[in-house]
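Breakdown of the fold
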Amino acid sequence: MDNELTVSSAAKETLPTVFGYIGIGLAYGIVGKASGISPLMITLMSLITYGGASQFIIVSMLVSHSPMVSIILSAFLVNSRMILMSTTLAPYFQKESLLKNIILGGLVTDESFALGMNKLNYTNRRLNFAWFNTVNWFAYTAWALASLVGALLGNFISNPEKYGLDFALVSMFIGLLYLQLISDKSIKFKLQLLVVGFVLVATFVGIIFIPANLLTLVVTLLACAFGVVMKHAFF
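Residues numbered from 1 in each chain as written. Predicted model: local features only at pLDDT ≥ 70, side-chain atom pairs only at ≥ 80, totals over all residues. Heavy atoms only, no water.

- As annotated in an unreviewed UniProt entry, the chain is LIV-E family branched chain amino acid exporter from Lentilactobacillus farraginis DSM 18382 = JCM 14108.
- In its Sequence similarities (unreviewed entry) section, UniProt records this for the chain: "Belongs to the AzlC family." (UniProt positions renumbered as here; feature names shortened; annotations may be inferred.)

In C-alpha cells:
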C-alpha cells in the first residue's frame, strides 16, 4: 500500500482481495445451481442482494421453502454488521454529498471495509470517494461475475468444498488481518493481539449460546467495548 488515494492506487491495492471474491463467488454459484436456481437468478441475487454469506443462507432457505419473512429477516440479521461498518466510515466522508455516501454505504463489504481501515495507516487517517468507490466496484464486479461463472460451472462441479473454494474467503480475511496488525502504528501491537484473542474466545464460546446469524454482530460489539476498556485501562 501507498499514501495515494487515486483510482489507480485503489485498483492495485484491491486486486489481491479479488481472488477471495472469485473463490467464494464460484462456490456460491455452484451451490446455487446445485440447489436448482437458474444462473440468471443467481447473478441477479449477487447484483441486487449483494450479501455474501447471506446469499448462501437465502439459497438454503429457498430450497427448504422457508417463509419469505423469515428469509428477509435472516438476511438482514446477517448483514446488520454493515450498519456498524458504515457508521465507522461515515466521519471520513462528511464533506461528500448524501448520494456519494449512499453509494459507498450500499456497496461496502467486509473486505473493502478492512482495506479502508488499513489504508488509513498510510494516508494520515484520510479516505476519499474516488479511492473507496473504486475498491467497492472492483469487489462488486468480481463477486457478480464469479457468481455467474460458478452457476455455469455448476453443471460440472457438484462439490465446491472438494476444491477448497469454501476456504477462499477465510484465507483472504487472514491476510487482511495480518496486514492490519503489522501496519497500524496507532494501536500497540500487544493490544491488537489481545483483542484478536478475545474475538477468538468470544466466538468459540458464543457459538454455543448465540444463533450464528447474530454471533458476528454480538462479538463485534463486545470486542469493541473490550478494546476500548483495555486501551484506557492498561495502554
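From this point, the discussion proceeds with the structure in view.
Observations concerning helix H8 (residues 129-153)
- The first and last C-alpha atoms of H8 sit 36 Å apart over 25 residues, in line with the 36 Å expected at 1.5 Å per residue.
- The N-cap of H8, judged by a side-chain oxygen 3.5 Å from the amide nitrogen of Ala130 a few residues on, is Asn128. (Helix = DSSP H or I, 4+ residues; strand = E, 2+ residues; numbered from the N terminus. Expected span 1.5 Å × (residues − 1). Polar contact = N/O pair within 3.5 Å; in protein donor to acceptor, adjacent residues only side chain to side chain.)

Describing the packing of helix H2 (residues 39-48) against H8
- At a closest axis distance of 9 Å, the pairing of H2 and H8 adopts a crossing angle of 165 degrees. Between H2 and H8, the crossing angle belongs to the class labelled roughly antiparallel. Note on packing geometry: the crossing formed by H2 with H8 is right-handed. Side by side, H2 and H8 meet where Pro39, Ile42, Thr43, Ser46 and Leu47 of the first sit next to Tyr140, Trp143, Ala144, Ser147, Leu148, Ala151 and Leu152 of the second.
- The residue inventory of the contact of H2 with H8, partitioned by class, reads nine nonpolar, three polar and no charged. (Axes fitted to C-alpha atoms, helices over the stretch in contact; angles between N-to-C directions. Parallel < 35°, antiparallel > 145°, perpendicular 65-115°, else oblique. Left-handed = near helix turned anticlockwise from the far one by under 90°. Contact = heavy atoms within 4.5 Å. Nonpolar A, V, L, I, M, F, W, Y, C, P; charged D, E, K, R; others polar.)

Quick notes on the environment of Gly29
- Tracing the backbone shows Gly29 in helix H1 (residues 7-34).
- Take Gly29: its relative accessible area is 0%, and that puts it in the buried class.
- Separated by 124 residues in sequence, Gly29 and Leu153 place their C-alpha atoms 7.9 Å apart.
- Dropping the residues within four chain positions of it, Gly29 is found in contact with Ile42, Ser147, Gly150 and Ala151. (Buried < 20%, exposed > 50% of the residue type's maximum accessible area, 1.4 Å probe, protein only.)

Description of the UniProt feature "transmembrane region" (unreviewed entry) in the chain
- The UniProt record marks residues 20-44, 56-78, 137-157, 163-179 and 216-234 with the feature "transmembrane region" (unreviewed entry), using the residue numbering of this structure.
- Counted over residues 137-157, helix gives 81% and strand 0%. Its end C-alpha atoms are 28 Å apart.
- Between the end C-alpha atoms of residues 216-234 the distance is 26 Å, and the span holds 100% helix and 0% strand.

Comments concerning the nonpolar core
- Residues Tyr28, Ile42, Met45, Tyr50, Ile58, Val59 and Trp143 are the most contacted members of the largest nonpolar core, which totals 19 residues.
- Ranked by size, the runner-up nonpolar core spans 17 residues in total, among them Leu5, Val108, Leu115 and Val135. (Core = buried A, V, L, I, M, F, W, Y, C linked by side-chain atoms within 4.5 Å.)

Some details on the domain arrangement of the chain
- Per the domain assignment, the segments of the chain are domain 1 (7-185) and domain 2 (187-235).
- If you look at the interface, domain 1 gives 12 residues, while domain 2 gives 11 residues.
- Summed over both partners, the interface of domain 1 with domain 2 buries about 940 Å², with 66% contributed by carbon and sulfur atoms.
- Inspection of the domain 1/domain 2 interface yields zero salt bridges.
- Seen at the junction of domain 1 and domain 2, the total is zero residue pairs in polar contact (both at pLDDT 80 or more).
- Listing elements by their share of the side of domain 1 that touches domain 2, those giving two or more residues are helix H4 (68-79), helix H5 (81-89) and helix H9 (168-183).
- Its residues placed into classes, the side of domain 1 that touches domain 2 shows six nonpolar, three polar and three charged. (Domains from an automatic or database assignment. Buried area = accessible area lost by both parts, 1.4 Å probe. Salt bridge = Lys/Arg side-chain N within 4 Å of Asp/Glu carboxyl O.)

What about the packing of aromatic side chains?
- Counted under the stated rule, the structure contains seven aromatic pairs.
- Ring geometry for Tyr50 versus Tyr140: centroids 4.9 Å apart, planes at 90 degrees, classification edge-to-face. With Tyr50 in the loop between H2 and helix H3 (53-63) and Tyr140 in helix H8, this residue pair connects regions lying 90 residues apart in the sequence. Exposure class is identical for Tyr50 and Tyr140. Each is buried.
- Ring geometry for Phe93 against Phe132: centres 5.8 Å apart, planes inclined by 70 degrees, an arrangement best described as edge-to-face. Within this pair, whereas Phe93 is found in the loop between H5 and helix H6 (98-107), its partner Phe132 is found in helix H8, the two being separated by 39 residues in sequence.
- The exposure class assigned to Phe93 is buried, which follows from its relative accessible area of 3%.
- Here the aromatic residues Tyr28, Phe56 and Trp143 are joined through ring pairs into a cluster of three or more.
- The lysine or arginine in question, Lys100, covers the ring of Phe129, its NZ or CZ lying 5.0 Å from the ring centre. (Phe/Tyr/Trp six-rings, centres within 6.5 Å; stacked < 30°, edge-to-face > 60°. Lys NZ or Arg CZ within 6 Å of the ring centre and 35° of its normal.)

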